[in-house]
Amino acid sequence: MMEIGTRYDPKNIEMKWYKHWLEKGYFTPRGTGPKYSIVIPPPNITGKIHMGHALNITIQDILSRYKRMKGFDVLWLPGEDHAGIATQTAVEKYLSTQGKSRRDFSREEFLNIVWEWANKYRQEIKNQIMSIGASVDWTRERFTLDEGLSKAVRKVFVELYKKGLIYKGKYIVNWCHRCGTVLSDEEVDYHEEEGALYHIKYPIKGEDDYIVIATTRPETMLGDTAIAVHPSDERYKKYVGKVAILPLVGREIPIIADNYVDPSFGTGALKVTPAHDPNDYLIGQRHNLPFVDIFDENIIINENGGKFKGMTAEQARKAVVEELEVQGYLVKIEKIKHSVGRCYRCDTVVEPRLMDQWFVSMKPLAKRAIEAVENGEVTFIPDRWKKVYLNWMYEIRDWCISRQLWWGHRIPVWQCQDCGHYNVSENEPVKCEKCGSTNLKQDEDVLDTWFSSALWPFSTMGWPEKTPDLERYYPTDVLVTGFDIIFFWVARMIMMGYEFMDEKPFKEVYIHQLVRDKYGRKMSKSLGNGIDPLEVIDEYGADPMRFTLAILAAQGRDLKLDVRFFDTYKKFANKIWNATRFVLMNLEDFEKVDIKLSKLKLSDKWILSRLQKTIQKISEALDSYDFNIAANEIYNFFWDELCDWYIEAVKNRLKTEERKVVQNVLVYVLDMSLRLLHPFMPFLTEELWTKLPTSGESIVVAQWPEIEENFIDENSEKRFMQLMNIIRGIRNIRAEVNVPQSTKVETFVKGTLTDEEQEYIKFLGNVESIEFVEKRPELSATAYISLENEVYVSLGTLIDVNSEVERLRKKVEKLKSDMEKFAKKLEDENFLKNAPEDIVEETKEKQRLFQEQIARIEQIISDLEAKA
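Residues numbered from 1 in each chain as written. Predicted model: local features only at pLDDT ≥ 70, side-chain atom pairs only at ≥ 80, totals over all residues. Heavy atoms only, no water.

A.B. asks: Would you mind going over the sheet that holds strand β13 (residues 330–343) with me for this structure?
C.D. replies: Neighbouring strands of a sheet are bound in pairs by backbone hydrogen bonds; such pairs are parallel or else antiparallel. Reading across the sheet, the three strands line up as β8-β7-β13 and stay open at both edges, with antiparallel pairing between neighbours. The open sheet has two free edges, formed respectively by β8 (210–215) and β13, since each of these has just one partner strand. When strand polarity is set aside, the average angle formed by the axes of neighbouring strands in this sheet is 20 degrees. Two elements, strand β7 (residues 188–203) and β8, share six bridges in a ladder whose sense is antiparallel. Pairing of His199 across the sheet is with Ala214, part of β8. Along the sheet face, helix α7 (residues 313–326) touches β7 and β13 and points at about 165 degrees away from the line of β13. (Pairing = 2+ DSSP bridges. Helix = DSSP H or I, 4+ residues; strand = E, 2+ residues; numbered from the N terminus. Axes fitted to C-alpha atoms, helices over the stretch in contact; angles between N-to-C directions. Contact = heavy atoms within 4.5 Å.)

Rendered as structure tokens:
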């Protein structure tokens, strides 16, 4: 007999088994069977994984382990993203703690430092993914900056450029003049600050009239090229198409209508400065407005600022306002609070600037990617994300792909310093293809991180080479990701897949939930409400964490995560451990027999039938990405049906001549249950499954349970369910009238029960005797009523009837009073309309439980007061 310890200790089993699995090569596809492939969304190498990563990895691992057990040739391909901006930012922050900055190093020296950082954090991320139990094929691990992927990136850039789909143009960026660099949106910290709203008259050309605009940045009016109003704003309809005169400058600017304008902000009329505001930039593009840049790189007013040239932005603001007042254009100054973007490094106000950038023309690439989702070639789960995807794709704009960074894929463009020609090449050119000059200089910028990420499904499999992996595993079967990167990543992968592979990158996109705290708030550093998955693993184990995330992962509903849930499902892991230990302790004389040919009792037939139904429901749920349903099914089956009912029902039989049959049923049901649990709790199930006498090489490669149709027995399920309800009824009466469960009770039955059924009731209900009667005896309480049977518990000798009735009446009053608060909530239309769906359902469930308990007690009172 194999033995296990008395307690479940995840630290003793998790890394032991992961190391074993790697040594055995179980995660490397075997090349036989139908293929199933997934590429991992590559985590950034900027630190620890968070709970969103843990959910994402858990879901992918459930799918991979499930399909592997179903006989599929599974490739789950891992890797990490170089995360250009985020990583360079993290390294620069680290350097700042050493009193240094990027500019203290040459580009090559700085990149060497970042590579050291990258190698360290890649390994840390890898260790964290391993700790969750991810069954990825580490022999195929990739990195978005490794040589193979870099080659793919250069080839894609060159091919798109040759097709005329990459071009250079101007674009608004976040500019920190103190640091002298472009910042990504994530590097800009926004704060509510005290400011002012300046109301300024803009005269109408040729009329004694004007429009008043309101702005927080009067100095940028020097670059205004239009006034915009909302097309449905009745106040300004008469002005649309007219021309205004820009105060202080005298430039004529058109008055246009644009849906972007918010009629409720300020005066409802917007000054449009396309060179210094990202939204104005888009308006400028839509209306073909000129772009007037009034700042140099130090945010000093340039020659376009007229007499204000040479001033800082702050000086210019003061001077412009004074001049507006002198010339009678300033209407009023209104104090407000508004959001100001500052550099995360030095706290300088960030200035939107128009700069030369590289772009990808997206509309030609989007066509097939739109059709693929419209016609169902690529499907989104849940389906509502299809509309979100398509709405964005219909309005897609060109993609700015250049970043003013050092860490990343350097743009493969060399400009000839003699003739100005752009030489675009996969390899460094020796001379200019136009004039033959050798005086070439490579573009200083790098590509947006998402450019290399967009190639991930095929570049990781060896493209542009024609590799066996590409041939067998592309396209992949599913992408598991969050909704926040549908546009950044999912859409671009679909476009690039069709452009370079002439094939979709994946068949399905499963959009998983956002992990929130128990109050439904987004987890964030500022709120201090984040839950670290590594700390959870350390305290509770990886399996309880995985199971918690799975059982909460309802489609289309965010997870509300409370740390108490991890304790709940660690208790479940303990239950699995203890149940297995009980079975193993009763197998010293185990001899395998065919239970199909054995003489089975009602409880055996019932558990075997219930197991088949559970196999079917879990398989169907996993096939449809209903992870919470699958987890609930195995939880309820294992805890309620196997442990609380079947194991309890057969304990006596293990001491009789029926022992061999019971042993075999227990081993079979436990074996299949551990297999069903394996995708959710891989470490625990491997540890326990290998101890069973029927186990094989490893549960990782064990066969997924198949439904045994001959074990499905509706009649036995119905009969045993009746017994469960009778026993529950007896237990409930004990609880309501304070008779200890250890005290034997006498029962009466109006109807029929077999000898076997009576034995179950006596054993599981702790019943002294069962007497068959024609009607309910006095001083007995009804435990169960059906068309076939009525069961009563004799209470006359166990309680003081009068005082007990009085106590129960008071209890009913208290329960009704407590229930009233739930009833009031459910009568409140605002609550039903505004409260989250899960809160409404929880309230209904609490009301239902109160109603059931009140009905139960009132029945007992009625029984005790009634004459026989």
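A.B. asks: When you look at the nonpolar core in this model, what are you seeing that I'm missing?
C.D. replies: Nonpolar side chains in soluble globular proteins tend to end up buried together. Ranked by internal contacts, the top residues of the largest apolar core, which has 148 residues, are Met51 and Phe547. With 14 residues, helix α18 (residues 627–650) is the largest single contributor of residues to this core. Within the second largest apolar cluster, 59 residues are counted, among which are Trp399, Val424, Ile486 and Met493. (Core = buried A, V, L, I, M, F, W, Y, C linked by side-chain atoms within 4.5 Å. Buried < 20%, exposed > 50% of the residue type's maximum accessible area, 1.4 Å probe, protein only.)

A.B. asks: Is there a simple way to explain the pairing of strand β2 (residues 73–77) in this structure?
C.D. replies: A regular strand places its side chains so that they alternate between the two faces of the sheet. Burial analysis of β2 places five of its five residues in the buried class, which makes it a mostly covered element. Every second residue of β2 is oriented toward a common face, with Asp73, Leu75 and Leu77 on one face and Val74 and Trp76 on the other, all of them buried. Both strand β1 (residues 35–39) and β2 contribute to a ladder of five bridges, which runs parallel. Bridging from a neighbouring strand, Tyr36 pairs with Val74 of β2. For the segment spanning β1, helix α2 (residues 51–69) and β2, crossover handedness is right-handed. (Right-handed = clockwise from strand over helix to strand, strands pointing away.)

A.B. asks: Is there a simple way to think about helix α9 (residues 384–394) in this case?
C.D. replies: Since there are 3.6 residues in each turn of an α-helix, residues three or four apart along the chain are aligned in direction. Regarding α9, the residues found buried are Trp385, Tyr389, Leu390 and Met393. Take α9 and look down its axis: the buried residues cluster within an arc of 135 degrees, on one side only. Contact partners of the buried residues in α9: α8 (363–374), β15 (379–381), α13 (486–501) and β23 (506–512). (Arc of directions from axis to C-beta.)

A.B. asks: So what exactly am I meant to see when it comes to the pattern of salt bridges here?
C.D. replies: Close approach of charged atoms allows side chains of opposite charge to pair. On inspection of all chains with the given rule, the structure shows 70 salt bridges. Among the ionic pairs, Lys151 bridges to Glu465, the shortest N-O distance being 2.7 Å. Here the residue Lys151 occupies a position in helix α5 (residues 147–162), and Glu465 occupies one in the loop between α11 (456–459) and α12 (468–473), the gap between them amounting to 314 residues. For Glu465, a relative accessible area of 41% gives the class partly exposed. Here Lys271 and Asp224 are joined by a salt bridge, their closest N and O atoms 2.9 Å apart. Pair noted here: Lys271 is in strand β12 (residues 269–272) and Asp224 is in the loop between β8 and β9 (226–229), with a separation of 47 residues, a long-range link. Asp224 carries the same exposure label as Lys271, and that label is buried. Connected through shared salt-bridge partners, Arg610, Lys613, Glu641, Glu714 and Glu717 make up one network. (Salt bridge = Lys/Arg side-chain N within 4 Å of Asp/Glu carboxyl O.)

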